[in-house]
Amino acid sequence: GAVVSQHPSWVICKSGTSVKIECRSLDFQATTMFWYRQFPKQSLMLMATSNEGSKATYEQGVEKDKFLINHASLTLSTLTVTSAHPEDSSFYICSARPAGLAVNNEQFFGPGTRLTVL
Amino acid sequence: QKEVEQDPGPLSVPEGAIVSLNCTYSNSAFQYFMWYRQYSRKGPELLMYTYSSGNKEDGRFTAQVDKSSKYISLFIRDSQPSDSATYLCAMSFINDYKLSFGAGTTVTVRA
């Protein structure tokens, strides 16, 4: 149980285009999902917290107009990188926190999406 | 100063050795402490969690938390080549679901 999927697993796009990444909780409902960014050999950096049915909360320094987050249902959150540039190339990982009583602040992570902007 | 400090390694050990990993942190308000394992190009998977101070054992893995020293550890006994991965420590406050991660330590277990 507690499986989180991401789609696509990797994407290459041209500079200036927009890319949408989906995060789904497959066997549980998630009221809260998190989006992280990870550069090579570095740790995860929290970008934003996404709550179902409300606006996402962005961390300091993360441009909300560039990284659009939508959490339209209890099993799906999307991250859209708008007008992508080479510096946006990174590994994007989502995590989901189960609805209801969650033990120990547990989050389940997706497999990640590798974005390369040419 | 980073909120969570973790030596990135790399750490290379022979098969069967004990792997010792640790993190230090600066905020004494952290209450939940976790260790994640991340294989290359994959998302992190939860290995161990501990609430407040103390030890926890699960199979070959032992997690320790010393809140007085703001220091947490993960030990892997009888290490196997399949344990080769990056290990990330993470921690959170009691009423906040956001996780603060360490940089991750890359471990290689040599057959």
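Since the structure is predicted, the reported quantities are computational estimates derived from the model, not experimental observations. Throughout, a residue's number is its position along its own chain's written sequence, starting from 1. All chains are assigned letters beginning with A, and all ligands numbers beginning with 1, in the order in which they are written. In view of the model being predicted, local features appear only for residues whose pLDDT reaches at least 70, and side-chain atom pairs are presented and counted only at 80 or more, with totals across whole chains, interfaces and linings using the full set of residues. Hydrogen atoms and water are omitted, and side-chain values are computed over all heavy atoms in the structure.

**Here we look at the packing of aromatic side chains**
- Two aromatic rings from Phe, Tyr or Trp, using only the six-membered ring of Trp, form a pair when their centres are within 6.5 Å; if the ring planes differ by under 30 degrees the pair is stacked, by over 60 it is edge-to-face, and anything between is tilted. Within this structure, the stated rule accounts for eleven aromatic pairs over all chains.
- Arranged with centres 5.5 Å apart and planes meeting at 40°, the rings of Tyr36 of chain A and Phe109 of chain A form a pair that is tilted. Of this pair, Tyr36 of chain A sits in strand S4 (residues 30-38) while Phe109 of chain A is found in strand S10 (residues 108-109), placing the two residues 73 residues apart along the sequence.
- Exposure remark for Tyr36 of chain A: the relative accessible area of 0% places this residue in the buried category.
- Between Tyr25 of chain B and Phe33 of chain B the ring centres are 5.3 Å apart and the planes differ by 45°, which places this aromatic pair in the tilted class. Taken as a pair, Tyr25 of chain B and Phe33 of chain B share a single burial class, namely buried.
- Ring pairs connect the aromatic residues Tyr36 and Phe109 of chain A together with Tyr36 and Phe101 of chain B, which therefore count as one cluster.
- The criterion is that NZ of a Lys, or CZ of an Arg, lies within 6 Å of the ring centre and within 35 degrees of the ring normal, and then a charge sits over that ring. In this arrangement the basic side chain of Arg97 of chain A is found over the ring face of Tyr97 of chain B, its NZ or CZ atom lying 3.3 Å from the centre.
- Just above the ring of Tyr49 of chain B sits the side chain of Lys56 of chain B; from NZ or CZ to the centre is 3.4 Å. Helix numbering and strand numbering both begin at the N terminus, where a helix is a DSSP run of H or I of at least 4 residues and a strand a DSSP run of E of at least 2. Each residue is assigned to one of three classes by its accessible area relative to the maximum for its type, calculated with a 1.4 Å probe on protein chains only: buried under 20%, partly exposed between the two thresholds, exposed over 50%.

**Overview of the pattern of salt bridges**
- Each salt bridge in this description consists of a side-chain nitrogen of Lys or Arg and a carboxyl oxygen of Asp or Glu lying within 4 Å of one another. With the rule as written, the count across this model stands at six salt bridges over all chains.
- A salt bridge links Glu59 of chain A to Lys98 of chain B; the shortest N-O distance between them is 3.2 Å. Of the two residues, Glu59 of chain A sits in the loop between strand S6 (57-58) and strand S7 (67-73) while Lys98 of chain B sits in the loop between strand S9 (85-92) and strand S10 (100-101), which places them in two different chains.
- By relative accessible area, which is 22% here, Glu59 of chain A ends up partly exposed.
- In this structure, Arg37 of chain B and Glu45 of chain B form a salt bridge, with 3.1 Å as the shortest nitrogen-oxygen distance.

**Quick word on the pairing of strand S7 (residues 61-66) of chain B**
Residues and elements named next belong to chain B.
- At least two bridges found by DSSP between two strands are what make those strands a pair. Alignment of strand S6 (residues 54-58) against S7, held across five bridges, turns out to be antiparallel. Among the inter-strand pairings, Asp58 is bridged to a residue of S7, identified as Phe61.
- In this antiparallel pair of consecutive strands, S6 and S7, the connection spans two residues, and Gly59 shows a positive phi of 65°.
- As defined by bridge partners, S7 adjoins strand S8 (residues 71-76) across six bridges and the pair is classed as antiparallel. Residue pairing in the sheet places Ala63 in a bridge with Leu74 of S8.
- Taking the residues between adjacent antiparallel strands as the criterion, S7 and S8 are bridged by four residues, where Lys70 takes a positive phi near 55°.

**Overview of the interface of chain A and chain B**
- The contact definition used throughout considers only heavy atoms, calling two residues in contact when any of these lie within 4.5 Å. Counting residues at the interface gives 21 residues for chain A, matched by 21 residues for chain B.
- Our count for the contact surface shared by chain A and chain B stands at one salt bridge.
- N or O atoms closer than or at 3.5 Å make up a polar contact, with two conditions inside protein: a donor-capable atom paired with an acceptor-capable one, and, for residues adjacent in sequence, both atoms drawn from side chains. The tally of links from chain A across to chain B stands at six residue pairs in polar contact (both at pLDDT 80 or more).
- Every element with two or more residues in the side of chain A that touches chain B is listed here: S4, strand S5 (44-51) and strand S9 (90-98) of chain A.
- Polar here means any residue outside two lists: the nonpolar Ala, Val, Leu, Ile, Met, Phe, Trp, Tyr, Cys and Pro, and the charged Asp, Glu, Lys and Arg; Gly therefore counts as polar. Class assignment for the residues of the side of chain A that touches chain B results in nine nonpolar, eight polar and four charged.

**Considering the side chain of Ser25 of chain A**
All names here are of chain A.
- Secondary-structure assignment places Ser25 in strand S3 (residues 19-25).
- Classification of Ser25 by relative accessible area gives buried; the value is 4%.
- A polar side-chain atom of Ser25 sits 2.7 Å from the main-chain carbonyl oxygen of Phe28.
- Setting aside its immediate chain neighbours within four residues, Ser25 contacts Val3, Val4, Ala30, Met33, Leu74 and Thr75.

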